[in-house]
Amino acid sequence: PAILIRDLTVTNPDGSAVALQPHRIRVCNKRKLVIVVDKSAGVVAVCRPDGRLEFSVGPRFSKKRLLELPLDAVSTESRLMICCPSNGIFAVYFANISVRTAIPKKIIELMRPVQLEWHSKLKQLVVLDEVDSCQYMVKMFSVGNEAASTIGLNLVSQSSVPVKSLATPCVLCSSSGTLLSVL
């Protein structure tokens, strides 16, 4: 069942409001959670559908890394995956939010990851990577053991997509495949 979001106000457990400027809002139906990406503050907040904050990540991700201008975040079965165009892909383990992994974009050969999708049927992370102006690559990665607290991304496939538009394309996953759309 879908989660209905209306006038979402994120609050701390004590009821005080959490100041967020949403860049993107995602829904994780499997976990019944809402993911709010605040690009300007470098924060990704995970809350219940009623707005109660479960946890937030950023701007400091770890001792060495910051979430700089995160653009997107999705949920796999066990992890929150975040993309930051300047740094790469970040993962937070739901079972223990202090278990965090940063995967620099050079290691997985990304130029500027701008969007993520989780293909639940294939159990693959789909990354839209901006490789040049109006030129994108759709890359699909298998995710190392979903039950483990560490993560490994292995490239499964990639395809180049020339886009003749100033708008960033949108990647959508369905049970039958992956669709790229420009709105």
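Below or above, wherever it landed, is the structure these notes cover. (Residues numbered from 1 in each chain as written. Predicted model: local features only at pLDDT ≥ 70, side-chain atom pairs only at ≥ 80, totals over all residues. Heavy atoms only, no water.)

As a further point, take the overall build of the protein chain. Broken down by element type, the protein chain carries 0 helices and 14 strands. Mapped in sequence order, the helices and strands of the protein chain form the string β-β-β-β-β-β-β-β-β-β-β-β-β-β. Expressed as a percentage of its 183 residues, the buried residues of the protein chain come to 43%. Carbon and sulfur atoms form 52% of the exposed surface of the protein chain, whose accessible area is close to 9600 Å². (Helix = DSSP H or I, 4+ residues; strand = E, 2+ residues; numbered from the N terminus. Buried < 20%, exposed > 50% of the residue type's maximum accessible area, 1.4 Å probe, protein only. Areas by Shrake-Rupley, 256 points an atom, 1.4 Å probe, with all protein chains shown as cover.)

With that settled, consider the pattern of salt bridges. Oppositely charged side chains can pair when the atoms bearing their charge come close. Going through the model one piece at a time under the given rule, you end up with 6 salt bridges. Across the pair Arg26 and Asp72 runs a salt bridge, and its minimum N-O distance is 2.8 Å. Of this pair, Arg26 sits in strand S1 (residues 24–28) while Asp72 sits in strand S5 (residues 72–75), placing them 46 residues apart in sequence. Overall, the relative accessible area of 15% leaves Arg26 in the buried class. Notably, a salt bridge pairs Arg26 with Glu117, separated by 2.9 Å at the nearest N-O pair. With Arg26 in strand S1 and Glu117 in strand S9 (residues 113–119), this pair connects stretches of sequence that are 91 residues apart. (Salt bridge = Lys/Arg side-chain N within 4 Å of Asp/Glu carboxyl O.)

At the junction of Gly58 and Pro59, the peptide bond is cis and its omega measures out at -5° in the coordinates. With respect to the helices, strands and loops of the structure, Pro59 is situated in the loop between strand S4 (53–57) and S5. Of note, Leu69 is a non-glycine position whose phi angle comes to about 50°, a positive value. Looking at the secondary structure, you find Leu69 in the loop between S4 and S5. Leu69 sits in the exposed class, given a relative accessible area of 52%. Phi at Glu109 takes a positive value of approximately 55°, unusual for a residue other than glycine. With respect to the helices and strands, Glu109 occurs in the loop between strand S8 (100–104) and S9.

Take the nonpolar core next. Grouped together as the largest cluster of nonpolar side chains are 23 residues, with contacts concentrated most on Met81, Ile89, Ile108, Leu116, Leu125, Val127 and Leu153. Every element with two or more residues in this core is listed here: strand S6 (79–84), strand S7 (88–93), S9, strand S10 (124–132) and strand S11 (135–143). The element contributing the most residues to this core is S11, with 5 residues. The residues contacting Ile108, other than those within four sequence positions of it, are Ile89, Ile103, Phe141 and Leu153. (Core = buried A, V, L, I, M, F, W, Y, C linked by side-chain atoms within 4.5 Å. Contact = heavy atoms within 4.5 Å.)

This structure, assessed with the given rule, holds 2 aromatic pairs. Where Phe55 meets Phe94, the ring centres are 6.2 Å apart and the plane angle is 70°; that geometry is what we call edge-to-face. Note that Phe55 is positioned in strand S4 and Phe94 in the loop between S7 and S8, a separation of 39 residues in sequence. As far as burial versus exposure is concerned, Phe55 and Phe94 are alike and both buried. Between Phe61 and Phe90 the ring centres are 4.7 Å apart and the planes differ by 65°, which places this aromatic pair in the edge-to-face class. (Phe/Tyr/Trp six-rings, centres within 6.5 Å; stacked < 30°, edge-to-face > 60°.)

Remember that the coordinates give geometry; whether it matters functionally is a separate question.
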